[in-house]
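Coordinate analysis (summary)
Listed below are the residues making up each chain.
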Amino acid sequence: MKDVILVQRRIPRCSESENQRKLAELRELARAGNYNVVQEVIQTRYPDRQYQIGKGKAEEVAELALSQKPAKIIFYNPLSVTQVYNLSEMCKCEVIDKFQLILEIFASRATTRRSRMQVELARLEYELPRARKIVSLLKMEERPGFMGLGGYEDSYEQDVKKRISRIKKELSTGQRDSENLRGYRHSKGFSLLSLAGYTNAGKSTLFRTLVDENVEVENMLFTTLSPTTRYLNINGRWTLLTDTVGFIEDLPHFLVDAFRSTLEDVFRADIILLVVDISEPVDVIRKKLAVSHGIFWEQLEKATIITAINKADRLSHEELSSRLKSIAYLAPNPVVVSATTGEGLDELKDIIYAHLPEWKRFTLELPMSGETMSAVSWLFEEGIVHSVNYGNTVVMDVEARNEVYHKAKSLEKRLSFR
Amino acid sequence: MERIIAVDISGRHRHNSRYLMVCAAVSLSVSGGHVKQIHGVNIKPFVSDNPPEVVDVVKMIERTVEGMEGITIVAEEGDLFNQPEWLSNSMFTASFKYPESLSERMGIEIAHHISLSSRNLLLDPQSWEPIKENL
């Protein structure tokens, strides 16, 4: 584990608890990036153009960097290229901001080719507006030769742009494939469920408990980067449950764009299970729910939201009910669950079942024949067969989606006329 | 279920050397994900020679919501010049907040469409179409 110093510039008259929460989030991110926090520096002031924090405070950070010898200095506030340059010159140490840290984490967790491309895209989009400045700052010390003979600002920026368009093209091909896959899954009668929510809310644990499978679960931010989809049987109906990347406050647009295809699994679902960690302080929960609602508002097409109030086992009944009351206005269709103990999962399944696209329940009477037997097995695959009576005719009580109902009824008509 | 007044102001840009603004306020009952009921709508036009400042925005909103039923006024952060919530809240006599839930955002969207279409209507008096030729 490498040592780091965290720096946060706080806005004057901003609430203390909010500042604390933001710093805690940065601490968690640093931990997720496999860093050890040795020192935290805080200053309350309006931003400085040269150093983000005041010059005096920057010198203080430089002294700390000299004595502690950290691998990096991580700022909570977004830094301009000039600020990064000035600070790293002064501190003689690599200086990054929260977004670069997130990019680092994403890069280290990306395992599939697709997610690696998404990370690369996010990195390039972050770098593009800075490309010119980076080159001009590097040129201050270097003579011709940066990026090859005579290759200066324009060529570097052009190069970044070219790489962005190439990656986007490749990603869009993959996106078409996943759209087709989603359409196919829908046409086969699967309802799509997605787990969404703030990072570290317990989505993967809930996923693992629901589908009864070992998915990587860790008490760390951004454990899940690539979506994982599994079958889930909800009271007899087959659905597909997808575990996705968690949300984060002030999620920068370049990250949302880069991970659009990942997040689209959330936005195109029939039902979204919005997972909330109820053991956190109420104002934090509220803020996180508001962030999630904000992301849904911009992207959501048509989906029912069910709020899975997770980690309920960590609270007493009184505490739980008072917290539920204060977040009720932000929690549509709330269900109290505990992914670790399994408490409330049956209620969760019931409420999911109630919101699944409606299926028709009907009776089918078919004459005994070879074709009927294949129809019976087809109905077992496509719907829920509540009962089958074999006599002179085969009488079935079936529940299935509309297309299957119409097909079955026309088959019944055709076979009974023979 | 929560009772709110969603507010939006249209026309905060110069038009023929004046600022012609319409503020719409919609009183709603909302749950976490849905607008349950719309209780009423108030629309009020305002005119100014100078661009509106925060205090003007607060005044316009308070004048528009007068007499409406609702516990909290909800408006977009941008309408209040992206001030911190506590600062905006302290400027209103009623309770005020920025939207959090989907339904609160939906309320503001309704208010936005009302204020925008009302302003368009007011700016174009020629748009009155006769139903019969002799009118």
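Residues numbered from 1 in each chain as written. Chains lettered and ligands numbered in written order. Predicted model: local features only at pLDDT ≥ 70, side-chain atom pairs only at ≥ 80, totals over all residues. Heavy atoms only, no water.

Per an unreviewed UniProt entry, chain B goes by the name DUF2209 domain-containing protein and belongs to Methanohalophilus halophilus.

An unreviewed UniProt entry lists chain A under the name GTPase HflX, with Methanohalophilus halophilus as the source organism. Under the UniProt heading Cofactor (unreviewed entry), the entry covering chain A gives this text: "Mg(2+)". Heading Function (unreviewed entry) of the UniProt record for chain A holds this comment: "GTPase that associates with the 50S ribosomal subunit and may have a role during protein synthesis or ribosome biogenesis." (UniProt positions renumbered as here; feature names shortened; annotations may be inferred.)

1. Observations concerning the overall build of chain A
The helix and strand inventory of chain A stands at 15 helices and 13 strands. Counting all 418 residues of chain A, 50% fall into the buried class. Sequence-distant contacts, at least 24 apart, represent 71% of the contacts inside chain A between residues at least 6 apart. For chain A, the accessible surface area stands at approximately 20100 Å², while carbon and sulfur atoms represent 50% of it. (Helix = DSSP H or I, 4+ residues; strand = E, 2+ residues; numbered from the N terminus. Buried < 20%, exposed > 50% of the residue type's maximum accessible area, 1.4 Å probe, protein only. Contact = heavy atoms within 4.5 Å. Areas by Shrake-Rupley, 256 points an atom, 1.4 Å probe, with all protein chains shown as cover.)

2. Brief notes about the packing of aromatic side chains
Taken as a whole and judged by the stated rule, the model has four aromatic pairs over all chains. Ring centres of Phe362(A) and Tyr405(A) lie 4.9 Å apart, and the angle between their planes is 70°; on these two criteria the pair is classed as edge-to-face. In this pair, Phe362(A) sits in strand β11 (residues 360–367) while Tyr405(A) sits in helix α15 (residues 402–416), placing the two residues 43 residues apart along the sequence. Here the aromatic rings of Phe96(B) and Tyr98(B) are separated by 5.6 Å at their centres, their planes lie at 85°, and the arrangement is edge-to-face. Taken individually, Phe96(B) and Tyr98(B) each receive the classification buried, so the pair is uniform in this respect. (Phe/Tyr/Trp six-rings, centres within 6.5 Å; stacked < 30°, edge-to-face > 60°.)

3. Remarks on unusual backbone geometry
All names here are of chain A. Of note in the backbone geometry, Gln52 takes a positive phi value of approximately 70° without being a glycine. The backbone of Lys311 sits at a positive phi, close to 65°, despite the residue not being glycine. As for its placement among the helices and strands, Lys311 is situated in the loop between β9 (304–310) and α12 (317–327). Take Lys311: its relative accessible area is 15%, and that puts it in the buried class.

4. Some thoughts on the UniProt feature "binding site: Mg(2+)" (unreviewed entry) in chain A
All names here are of chain A. In the numbering used here, UniProt assigns the "binding site: Mg(2+)" (unreviewed entry) feature to Ser204 and Thr224. Of note, Ser204 is situated in helix α8 (residues 203–211). Exposure remark for Ser204: the relative accessible area of 10% places this residue in the buried category.

5. Structural notes on the side chain of Arg9(A)
Residues and elements named next belong to chain A. Mapped onto the elements of the fold, Arg9 is located in strand β1 (residues 2–10). One buried charge, Arg9, has no salt-bridge partner; the nearest side chain with opposite charge is Asp48, at 9.1 Å. Among residues more than four places away in sequence, those in contact with Arg9 are Gln43, Arg45, Tyr46, Pro47, Gln52, Ile53 and Asn77. (Lys, Arg positive; Asp, Glu negative; His and termini not counted. Salt bridge = Lys/Arg side-chain N within 4 Å of Asp/Glu carboxyl O.)

6. A short note on the confidence of the model for chain A
Where the model shows low pLDDT, its predicted coordinates should not be examined in detail. Mean pLDDT over chain A stands at 81; residues scoring 70 or higher make up 84%. By mean pLDDT, the top-scoring element of chain A is strand β3 (residues 72–75) of chain A (92), and the lowest-scoring one is helix α9 (residues 253–258) of chain A (66). (pLDDT = per-residue confidence, 0-100.)

7. Re the sheet that holds strand β10 (residues 334–336) of chain A
Residue and element names in this part refer to chain A. The strand order across the open sheet formed by six strands is β6-β7-β5-β8-β9-β10, and the pairing between neighbours is mixed. Single-partner strands in this sheet number two, and they are β6 (228–234) and β10. Across the sheet, the axes of successive neighbouring strands diverge by a mean angle of 30°, strand direction being ignored. Bridging between strand β8 (residues 271–277) and β9 involves seven bridges; their strand directions are parallel. Following the sheet pairing, Ile272 is matched in β9 by Ile305. Against the sheet, helix α11 (residues 282–299) makes contact with β5 (191–197), β8 and β9, and its axis sits at roughly 160° relative to β8, the strand it touches most. (Pairing = 2+ DSSP bridges. Axes fitted to C-alpha atoms, helices over the stretch in contact; angles between N-to-C directions.)

8. Details of the pairing of strand β4 (residues 35–48) of chain B
Residues and elements named next belong to chain B. Sheet analysis places strand β3 (residues 18–30) next to β4, joined by twelve bridges and oriented antiparallel. Its bridge partner being in β4, Ser29 is matched across the sheet by Gln37. Counting the residues between successive antiparallel strands, the hairpin from β3 to β4 contains four residues.

9. Examining helix α1 (residues 16–32) of chain A
Residues spaced three or four apart along an α-helix face the same direction, because each turn holds 3.6 residues. All names here are of chain A. Along its 17 residues, α1 runs 24 Å from first to last C-alpha, staying within 8% of the 24 Å computed at 1.5 Å per residue. Taken residue by residue, α1 has Asn19, Arg21, Lys22, Leu23, Glu25, Leu26, Leu29, Ala30 and Ala32 as its buried positions. Looking at the packing, one finds that the buried side of α1 touches β1, β2 (35–44), β3, α4 (98–109) and α11. Positive backbone phi, at 65°, marks Asn34, one or two positions downstream of α1. (Expected span 1.5 Å × (residues − 1).)

10. Topic: the pairing of β9(A)
Residue and element names in this part refer to chain A. For β9, a buried count of six out of seven residues is recorded, marking the element as mostly surrounded by other parts of the structure. As paired elements, β9 and β10 share three bridges and run parallel to each other. From the neighbouring strand, Ala308 faces β10, where its bridge partner is Val335. Assessed by its sense of winding, the connection that carries the chain from β9 through α12 to β10 is right-handed. (Right-handed = clockwise from strand over helix to strand, strands pointing away.)

11. Brief notes about the pattern of salt bridges
The full count for this structure, using the stated rule, is 24 salt bridges over all chains. Residue Lys97(B) pairs with Glu2(B) through a salt bridge whose shortest N-O separation is 3.9 Å. Linking Lys97(B) in strand β6 (residues 95–97) with Glu2(B) in strand β1 (residues 2–10), this pair joins segments that are 95 residues apart in sequence. Between Lys97(B) and Glu100(B) there is a salt bridge whose closest N-O contact spans 2.9 Å. Residue Glu100(B) is classed as buried on the basis of its relative accessible area, which comes to 14%. A single salt-bridge network, built from bridges that share partners, covers Glu120(A), Arg123(A), Glu127(A), Asp159(A) and Arg163(A).

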